[in-house]
Amino acid sequence: MKNTDKNEQTITGLEKEIQTDFQKSMSYGDYLHLDKILTSQHRCSDHHDEMLFIVIHQASELWMKLILHELTAATESIRQNRLEPSFKMLSRVSRIQQQLIQSWNVLSTLTPAEYMEFRDKLGQSSGFQSYQNRLIEFALGNKNVHTLSVYQHQTDLYEQMQQALHEPSIYDAAINALVARGLPIDQEAISRDWSQRYEPNASVEEAWLTVYRDVEQYWDLYELGEKLVDIGHQQQLWRFNHMTTVERIIGNKQGTGGSSGVTYLKRALDQHFFPELWSLRTKL
């Protein structure tokens, strides 16, 4: 009993320093605006599992916001030929992607029968309409002007999407980093229409091959290449887990937003990021 009393006294002593009066101070909940975040889960049905569906997607959007924050800063760092600071940001993006991939495993606990209990309440809303996911795809070089029509009803957002469509991707910034180091790149790969999806270029592949064949001389460019490969790989894993989770829950039904569902998601898997960083491996 004596030891227990002593431990309790020690704990009590420590807790005397804990702040308890927040009348004039910012609390944890104030800082994070938890009153807004935790009251934003509005179910459209009375079904228990709809809460899971909402929270998973809201949490995913928060992670996507952080990915965009890091990708934007990393791209700017690369443009300024400051490659090393971008490595930390890109590593963080990869870790966030792993969180997003894991979220599909949580959502997969939703059975087909359970989802059908509230699916009709979603109306025409669909993950296809996630503008942040689209911005991530744009930032990685997968541009598609036709997807913007989904956002025409929101003028400010539509303008933001148009701007992102016409900006160079992080891969375009990386290619210019190759040029800055004196590696020859075709002009068509440097000065191109940024609103178009990136297409493989032989001179870009040759430049990356030079980097990978002389890692000691081009260590920073080599590290940049590997960071991008990691992100591209994680993005494909996210897409794959998305597709298999959807297939597990709704089979081959049409998506709520009108897409072909699993068929559409399977086609997306054929769209690779940073193509020369993958093709060079065959030629090394």
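For every chain, the first residue of its written sequence is number 1, and the numbers climb from 1 along that sequence. Only residues with pLDDT of at least 70 get local features here, since the model is predicted, and only at 80 or more are side-chain atom pairs given and counted; chain-wide, interface and lining totals rely on the full set of residues. Side-chain numbers come from the whole structure's heavy atoms, not from hydrogens or water.

Caption draft 1: Seen up close, the UniProt feature "binding site: heme" (unreviewed entry) in the protein chain. According to UniProt, the feature "binding site: heme" (unreviewed entry) maps to His242 in the numbering used here. When sequence neighbours within four positions are dropped, the list of residues in contact with histidine 242 reads Trp104 and Leu265. UniProt positions are given in the numbering used here, feature names are shortened, and annotations may be inferred rather than shown by experiment. Contacts: residue pairs with any heavy atoms within 4.5 Å of one another.

Caption draft 2: Summary view of the UniProt feature "binding site: substrate" (unreviewed entry) in the protein chain. As recorded in UniProt, the sites labelled "binding site: substrate" (unreviewed entry) are Phe53, Ile54, Val55, Ile56, His57, Tyr115, Arg119 and Thr256. Residues within four places of phenylalanine 53 in sequence aside, it is in contact with Leu107, Leu110, Tyr115, Phe118 and Leu122. Working definition: helices are DSSP H or I runs of at least four residues, strands are E runs of at least two. Numbering for both runs from the N terminus. Structurally, tyrosine 115 can be placed in helix H6 (residues 112-116). Beyond its immediate stretch of four places on either side in the chain, tyrosine 115 contacts Phe53, Leu110, Leu122, Ile249, Ile250 and Thr256.

Caption draft 3: A look at the pattern of salt bridges. Salt bridge, as applied in this entry: a Lys or Arg side-chain nitrogen positioned within 4 Å of an Asp or Glu carboxyl oxygen. Taken as a whole, this structure holds 9 salt bridges when the rule is applied. The salt bridge involving lysine 227 is made with glutamate 223; its shortest N-O contact spans 3.5 Å. With a gap of 4 residues between them, lysine 227 and glutamate 223 both fall in helix H12 (residues 219-250), about one helical turn apart. Summarising the burial analysis for this pair, lysine 227 and glutamate 223 share the class buried. A salt bridge links arginine 281 to glutamate 226; the shortest N-O distance between them is 2.6 Å. On the criterion of sequence distance, the pair formed by arginine 281 in helix H14 (residues 275-283) and glutamate 226 in helix H12 is long-range, its members being 55 residues apart. In this scheme, a residue with accessible area under 20% of its type's maximum is buried, one over 50% is exposed, and one in between is partly exposed, where area comes from a 1.4 Å probe on protein chains only. Residue arginine 281 is classed as partly exposed on the basis of its relative accessible area, which comes to 33%. The partly exposed category is assigned to glutamate 226, whose relative accessible area is 28%.

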